[in-house]
Amino acid sequence: MALLTALLLVMSAMPAAAQDKAARFDHFRTGFPLTGAHAAVRCEGCHKNGEFAGTPRDCQRCHNSIRATGMPPNHLRTQDNCDSCHSTKQWQVERFDHSRYSGSCATCHNGIQAVGKTASHLPTAKECSACHSTTSWDAVRFDHSGITGNCASCHNGTRATGKSSSHLATSQDCSACHNTNGWSGARFDHAGVTGNCASCHNGTTAKGKSSTHLATTNACEDCHRTTAWVPASFNHADTTANCASCHNGTRATGKPSTHIATTAECSTCHSTKVWSPANFTHTGVTGTCASCHNGTSASGKSNNHIATNTACEDCHTTNAWTPAKTVNHNDVIGTCTSCHNGSKASGKTTTHIATTAECSTCHSTSAWTPANFNHANATGSCASCHNGTSATGKSSNHIATNTACEDCHTTSAWTPVKTVNHNDVIGTCSSCHNGSKASGKTATHIATTAECSTCHSTNAWTPANFSHANVTGSCSSCHNGTNATGKNATHISTTNACADCHTTTAWTPVKTVNHAAVIGTCSSCHNGSTAAGKSATHIATTAQCSDCHSTTAWTPANFSHATVSGSCSSCHNGTNATGKNATHINTTSACADCHTTTAWTPTKKVDHAAVIGTCSSCHNGSTAAGKPATHIATTAQCSDCHSTAAWTPANFSHANVTGSCSSCHNGTTATGKNSTHLNTTNTCESCHSTSAWVPAKTFAHTDAIGSCASCHNGTSAPGKSASHIRTTDQCDFCHVTTGWTSVRVDHTQVLGTCSSCHNGAVATGKPATHIATTAECSTCHKTTAWLPAAVDHSTVGTNCSSCHNGTSATGKSPSHFVTSQQCGDCHRTTAWVPLLTYLHNSPAYPGQHARALVCLDCHTTNSQTVPYRYPAYVPNCASCHAGDFRPSAHKKYEAPTTAFYSVSELRDCTGSCHLYSDNTMTTIKERRSGHHRVSSSEF
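In this text, all values refer to a predicted model and were calculated from it rather than measured experimentally. (Residues numbered from 1 in each chain as written. Predicted model: local features only at pLDDT ≥ 70, side-chain atom pairs only at ≥ 80, totals over all residues. Heavy atoms only, no water.)

**Examining the overall build of the chain**
Next up, step 1: Along the backbone of the chain there are 17 helices and four strands.
Next up, step 2: Here the chain has a C-alpha radius of gyration of 68 Å; the compact-globule value for 939 residues is 30 Å, and the former is much larger.
Next up, step 3: Across its three principal axes, the chain shows a C-alpha extent of roughly 205 × 115 × 55 Å.
Next up, step 4: Once local pairs closer than 6 in sequence are excluded, the contacts in the chain between residues at least 24 apart make up 31%.
Next up, step 5: As presented, the chain carries roughly 63,700 Å² of accessible surface, and 56% of it is formed by carbon and sulfur atoms.
Next up, step 6: The distance from the centre of the 58 positive side-chain charges to the centre of the 47 negative ones in the chain is 3 Å. (Helix = DSSP H or I, 4+ residues; strand = E, 2+ residues; numbered from the N terminus. Rg over C-alpha atoms; globule rule 2.2 N^0.38 Å. Contact = heavy atoms within 4.5 Å. Areas by Shrake-Rupley, 256 points an atom, 1.4 Å probe, with all protein chains shown as cover. Lys, Arg positive; Asp, Glu negative; His and termini not counted. Charge placed at Lys NZ, Arg CZ, Asp CG, Glu CD.)

Below, the structure written as structure tokens:
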């Protein structure tokens, strides 16, 4: 050191040229290399008064606020050397070792000296170290014990996991059910649940109705309590299934073993209040009647029951024992009279035919009548039974006679009779011979009202004695050329009956002629020869006489135009017959074009083509129908809209209409606004054109009455599309009336998360270059603008360089250290500086140097690759420190001569360099090892 002092004194006395040489002095050789900011400090800045000896080498002796800037009052309390955290390059902390720091975290991490709790930090009174480590804020160990807020203040789905979408609806705080050890294993209290039971007890969120649960529409709470499922209070009224689905002996009491066998539902007989008394119905009973009606379970056969082996149901109904629906006589035991004796069953009536025969002799078991009667056992005359009471007597149309039945009839059948004696018949011939009792007049018999006996005898029909006196038919029914003489070949063609003109005494002379029955035209007789014909002055016509004349007289005549030849005006000229009057329509048409021959009015048609003048010259309300009071107000001629064929349909033109649209389009005169029309005070013409209602030519929203949604509801006008943003806002909160697009979105009224809209379909989503993250947009962005954004690195799902590449986000500057390491190896997510303490992981790195090296001390090219000064010695210490090696300080042996170690031999400075006794190097004279360590600040 004395030598160094002398050298410095010499240098101070040197001339300027010598001082330039001194400026190039290698300070490294003093054991205190000038690095970082120290390299720019002038010599006298440290060597006060030109004194080199005794200049402090440790930081705090110089940086004591006297010689140089020292610790500020707010510096962290520490006993460490400055170079433990600071480098000579800058004051900013480059490496920080929390282990050497005394005091609580919060004394530094208070948001002023160092990063403190963020605004979104959980409210807690705990020290930082309770959760965080000194290596990183992240990867915390969390303890709920120091949290001062309630659970929901953190567990809100943003700071920490909140209630899931499937969580029970409740107003309770998390701690009411959960503990801080885990979500599961919660203690549940129904007190704070806000939904109904089924919202949880649905078989998914919580236990729901079991497969054996009663079918019911009731809510759980109608029957169950929150303390336990059973016992439950039950109400049959809301059960939707049938009784047997529960009352089956498993879920609830079922049918006992003694129950009547039946397929009927319980409710058919029983009520929901009590089993008995029951309202019994046989419907559904599956057993036989006797299985119940056995005298024990129910009443059985009485003592006077018919002797039979038939089952009850064969005869009786389930409504009542009597009357029986049927009796099957095949199963009855005994004779008919054993029952039909007037006691058990009806017997012979007092009017029954006196007979000893058994009932079955005549009657069948299906009915009393008809009976299979056998006269063999009957006693007495026919009339004793056949008197109309006991048995069929003489019918009302029987031949009137006092003869006994058996005189004419047999016992085998009434007809045919064995004989008839006309001498015993009472009455006229026709009382029997009427076609019903006995053969009457044949179809070809002469129509007459005379009695048979007038012409016929009782011996035979023919020969008969004929007289016209009582004949009732027409002459031609006989006088037809077959039965009697008919019309001869020269007879007048007529449909008249003979009697109309002839008498029964002789054919001629005729008594009269009836024209109505004559066949043929008038002129076939009235031809001037057979009968009088047309006179010389008769109107020339081809018509038959009967077209105008009647058969009673020639005049007056009934005139018909049908056969008149020539035009109407040849007669209707005002002289021969009535012509056109003064008010007649001005026309060139012939009369027949418009009028009929039956009457002048109404006309059969009007040929407008031949009318001279305008429509209104006739259609003026006098000559012809004019405009009605409800006609559209217009100056147009009729022909502008109407055709001559009919008033309607009209070819309407709005061109000449006077007045507003609504004066016609009022729902009466013409179509008005329909029930779905937009509510507006606008006139029709404000929006619509006269060519068609739709499309409307324009629409002014300023005149619309009501909210946007009253029209834009998907019916009256387009409403919200399926992809519309979910919101409760009215349309006009975002849209303007000039167009749907050009919206101003009020995010405060939007329902759902940002990404439910900002998904690239409904609204702009994340671009392809967006930071990879699962966080919601609102985590970083505001609703007012995308930028600036507050990035929460905790939600980013990729490495730093995928964003910090100079495009997506700020990347490495041109002067940045050239390295393949990720940003997070050196930088924090809260700020680029101060840097983290970088830990070298290369196997060639000797360890952390105690002499406060900065990166550029070794990485002189500002690159990850180290340009070693002496690359031949890589990876040993000598690769950097070969120039610092002093052979004189490293003796190898002293005999026979003194020898020194070379750099190559001691390339690992941290190794051994023993001093040996001689050149055999077998005996160590002085052991020397570990003289140089990276943990030492000096060689």
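**Re the domain arrangement of the chain**
Next up, step 1: When the domains of the chain are assigned, the result is domain 1 (308-346), domain 2 (493-534 + 543-552), domain 3 (818-867) and domain 4 (878-938).
Next up, step 2: In this structure, domain 2 and domain 3 have C-alpha centres spaced 149 Å apart. (Domains from an automatic or database assignment.)

**What to know about the nonpolar core**
Next up, step 1: Ranked by size, the top nonpolar core spans eleven residues in total: Tyr873, Ala878, Ala882, Phe885, Tyr893, Ala899, Tyr901, Val903, Leu906, Cys913 and Tyr916.
Next up, step 2: The contacts of Tyr893, once residues within four sequence positions are left out, are Thr898, Ala899, Leu915, Tyr916, Ser917, Asp918, Asn919 and Met921. (Core = buried A, V, L, I, M, F, W, Y, C linked by side-chain atoms within 4.5 Å. Buried < 20%, exposed > 50% of the residue type's maximum accessible area, 1.4 Å probe, protein only.)

**Some remarks on the side chain of Asp729**
Next up, step 1: In this structure, Asp729 sits in the loop between helix 15 (684-687) and helix 16 (855-858).
Next up, step 2: Dropping the residues within four chain positions of it, Asp729 is found in contact with Lys720, Asp746 and Gln749.

**Points about the state of the cysteines**
Next up, step 1: Inspection of every chain in the model, using the stated rule, returns zero disulfides.
Next up, step 2: With no disulfide of its own, Cys405 lies 4.8 Å from the sulfur of Cys382, the closest cysteine sulfur.
Next up, step 3: For Cys405, a relative accessible area of 15% corresponds to the buried category.
Next up, step 4: Here Cys754 stays unpaired: no disulfide links it, and the sulfur of Cys777, its closest cysteine neighbor, is 4.5 Å away.
Next up, step 5: Overall, Cys754 belongs to the partly exposed group, its relative accessible area being 24%. (Disulfide = S-S within 2.5 Å.)

**Here we look at the environment of Asn483**
Next up, step 1: Among the structural elements, Asn483 can be located in the loop between helix 11 (452-455) and helix 12 (498-501).
Next up, step 2: In this structure, the C-alpha to C-alpha distance between Asn483 and Ile446, residues 37 residues apart in sequence, is 9.6 Å.
Next up, step 3: Beyond its immediate stretch of four places on either side in the chain, Asn483 contacts Ser477 and Cys478.

**Structural notes on the pattern of salt bridges**
Next up, step 1: Evaluated as defined, the whole model comprises five salt bridges.
Next up, step 2: For Lys925, the salt bridge is made with Glu894, and the minimal N-O distance between the two is 2.9 Å. Here Lys925, found in strand 4 (residues 924-926), pairs with Glu894, found in the loop between strand 1 (891-893) and strand 2 (899-900); they are 31 residues apart in sequence, far enough to count as distant.
Next up, step 3: One network of salt bridges, with partners in common, ties together Lys891, Glu894 and Lys925. (Salt bridge = Lys/Arg side-chain N within 4 Å of Asp/Glu carboxyl O.)

**Re a nonpolar patch on the surface**
Next up, step 1: Among the surface-exposed residues, Trp832, Val833 and Leu835 lie close enough to one another that they form a single nonpolar patch of about 270 Å² accessible area.
Next up, step 2: Relative to the helices and strands, Val833 is located in the loop between helix 15 and helix 16. (Patch = residues over 30% accessible without salt bridge, like charges linked within 9 Å, V, L, I, M, F, W, Y side chains within 5 Å.)

**Here we look at the environment of Ile147**
Next up, step 1: Within the element layout of this structure, Ile147 appears in the loop between helix 4 (59-62) and helix 5 (220-223).
Next up, step 2: For the pair Ile147 and Cys877, spaced 730 residues apart in sequence, the C-alpha to C-alpha distance is 52 Å.
Next up, step 3: Among residues more than four places away in sequence, those in contact with Ile147 are Leu122, Pro123, Thr124 and Phe142.

**Notes on the confidence of the model for the chain**
Next up, step 1: Mean pLDDT over the chain stands at 81; residues scoring 70 or higher make up 96%.
Next up, step 2: Confidence drops under pLDDT 50 across residues 1-19; counting only partners more than four residues distant or on other chains, this segment forms seven contacts. (pLDDT = per-residue confidence, 0-100.)

**Observations concerning the side chain of Ser863**
Next up, step 1: Here Ser863 is to be found in the loop between helix 16 and helix 17 (878-881).
Next up, step 2: Other than its neighbours up to four places away in sequence, Ser863 contacts Phe817 and Val818.

**Some points on unusual backbone geometry**
Next up, step 1: The peptide bond linking Thr462 to Pro463 adopts the cis configuration, its omega dihedral lying at 0 degrees.
Next up, step 2: When you line up the elements, Pro463 lands in the loop between helix 11 and helix 12.
Next up, step 3: Residue Pro556 is reached from Thr555 by a cis peptide bond, and omega for that bond is -5 degrees.
Next up, step 4: With respect to the helices and strands, Pro556 occurs in the loop between helix 13 (545-548) and helix 14 (591-594).
Next up, step 5: Positioned with a positive phi, Asn862 is a non-glycine residue whose angle comes to about 60 degrees.
Next up, step 6: Along the chain, Asn862 falls in the loop between helix 16 and helix 17.
Next up, step 7: Positive phi, normally seen in glycine, also occurs at Met921, with a value near 55 degrees.
Next up, step 8: Structurally, Met921 can be placed in the loop between strand 3 (915-916) and strand 4.
Next up, step 9: Residue Met921 is classed as partly exposed on the basis of its relative accessible area of 34%.

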